[in-house]
Amino acid sequence: MLLQIVLDAGFLLIKGSKLQNKRHFMRMGDWKITCNSSEGINSAYEQHFPSLVESAKKSAESLKSLGVSLGWIDWASAWLHVTTETLLQRIYTCHLPQRLPLPVLTDFTCIITGATSGIGLETAKQLAEVGAHVVLACRNTKVAQALVHDWQKEREHYSGPLDVEVMELNLLSLSSVRAFAAAWEARQGPLHVLINNAGIFSMSAPQKFSEDGLEEHMQVNHLAPALLTLLLLPSLSRGAPSRVVNVNSDMQAFGVVDPNDLNLNSGRRKYSSTAAYSGSKLAQIYFSSVLETKLPNDCGIHVICVNPGIVKTNVTRTLPKFVQAVYNLVGFFSLSSLEGARSVLFCSTDPQVLEYAEALRAEGWPVCPYYSSDCKPNPTSKHAQNVGMAFKLWDKTREIIGLNNEDVDKLLDGATTSTPCLKESFFSTYDDE
Ligand SMILES: NC(=O)c1ccc[n+]([C@@H]2O[C@H](COP(=O)([O-])OP(=O)(O)OC[C@H]3O[C@@H](n4cnc5c(N)ncnc54)[C@H](OP(=O)(O)O)[C@@H]3O)[C@@H](O)[C@H]2O)c1
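By convention here, each chain's residues receive numbers from 1 onward along its written sequence. Reporting of local features is limited, given that this is a predicted model, to residues whose pLDDT is at least 70; pairs of side-chain atoms are given and counted only at 80 or more, and all residues count toward the totals for whole chains, interfaces and linings.

Participant: Provide a residue-level description of the overall build of the protein chain, including the pertinent values.
Facilitator: In terms of regular secondary structure, the protein chain is built from 18 helices and seven strands. Each residue is classified by how many other C-beta atoms fall within 10 Å of its C-beta atom, where C-beta atoms are placed from the backbone; a count of 20 or more means buried, 12 or fewer means exposed, and values in between mean partly exposed. Looking at the protein chain as a whole, 45% of its 433 residues are labelled buried. Residues are defined as contacting one another if the C-beta atoms placed from their backbone atoms lie within 7 Å. Considering only contacts in the protein chain between residues 6 or more positions apart, those separated by 24 or more positions represent 80%. A run of H or I in DSSP becomes a helix once it reaches four residues, and a run of E becomes a strand once it reaches two; helices and strands are each numbered from the N terminus.

As structure tokens, this is what we get:
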């Protein structure tokens, strides 16, 4: 506790330092340019993210050169990136309030997966508190119901109850995903945001397969959310302007995806929970990027990936107790769930995010918007910009989740025309600070 206070004080001091100002300025510069208009977005990117532009241009060659393994330079730079982000994330995010201010969200429906713990719980609660209709899509419905009961009790002294409901969804079962989507779609209502938050990182646990015969990280973190997203496109279309927010991770930088070995059991690569987790997060970016380019220009639906930062949650539950204790000791570098939910809430509600996505799509940008824990867009890893690999993964994903091209085309066609209405950002006050 004392250490935490000392460190917090240190961060406040550093807040005014050159290092922080430089980083903040760089990021603000990118943000302002990308948000002002779609004009010149490529040149803005070329100026600020030359490596991203270069690598997008060379995607065809990179498909050949990247292959399905991570070179040691990519591996070292991923380590450097993740370590720096971890150590400095409190500095990078210190311009944000601890709790993100949200607008009143009446007539706003969102589905959030994995809302019984960590980032998902905090995100769901805050959305409900500002009036949204929130659907907790959870495998443990008893825990979810108990949570809702507690939230409603807390609200007893406020004007009215929260508009929250619980629906069963187990991402380890593709038939559960289909049942959930069918039940939801039967209502024929609008959906404004789908937050694919649920995820697993079974650190130090042995490799496991689901009832569908799929490696569990790949299924929970990528394949099942991909199926859910496609099946809910009609609702998202009814709710347009709408968005899919995928809670991703900077660990995607370590990711390697072999579309012919998504189960990591062909013997070509050795299984580790890190390889499985980072690969599943990279696969999610590939899938999101292709979906973002396939969605009709005027459908008003966008797909966004967001890294919430390193957040102290139940994600370490599979680690031995003493490792968890060490993890908690270095907890002062981690964000709280409240802080980790900020970027997810920002991506789910701020009109600037849709404007930014709209501008990227207008330019034919091949990679989906990727946001960081500081609520700013950031380039993904070099591997994540491999367009050829993204399309291969898309095809493989479609095959595994049991949708053929015609099924997907029908769902994409269902994402019918609607004009996005972009309101002024309620978050702009923080950009201008
Ligand atoms: N914490 C971090 O540092 C961090 C960093 C980067 C990215 N992320 C990402 O953030 C997201 C949220 O993670 P968290 O840190 O908040 O973890 P968490 O506290 O462990 O919460 C994960 C949630 O996902 C749910 N879930 C797991 N397997 C599921 C399944 N088969 N079907 C339905 N729901 C399932 C869990 O439900 P149960 O309680 O029923 O298991 C829980 O509600 C994940 O996608 C994670 O990869 C986290």
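Additional details are given in the paragraphs that follow.
Participant: Give me the lowdown on unusual backbone geometry, citing residues and values where you can.
Facilitator: For the peptide bond that leads from Ala-240 to Pro-241, omega is 5°, which places it in the cis range. Position of Pro-241 among the secondary structure elements: in the loop between helix 11 (233–238) and strand 5 (242–247). Positive phi, close to 65°, is recorded for Cys-375, a residue that is not glycine. Here Cys-375 shows up in the loop between strand 7 (370–371) and helix 16 (387–400). By the C-beta count within 10 Å, which is 25 here, Cys-375 ends up buried.

Participant: Explain the site of the ligand residue by residue, including any values.
Facilitator: Neighbouring residues of the ligand: 29 residues in total, closest Gly-114, Gly-118, Ala-198, Gly-199 and Thr-313. Top element by residues in the shell around the ligand is helix 7 (residues 118–129). It accounts for three residues. Taken together, the residues of the shell around the ligand sort by class into 14 nonpolar, 14 polar and one charged. Only the C-beta atom matters for nearness: placed from the backbone, it must lie within 6 Å of the molecule or strand for the residue to count as near. Note on residue categories: nonpolar means Ala, Val, Leu, Ile, Met, Phe, Trp, Tyr, Cys or Pro, charged means Asp, Glu, Lys or Arg, and polar means any other residue, Gly included.

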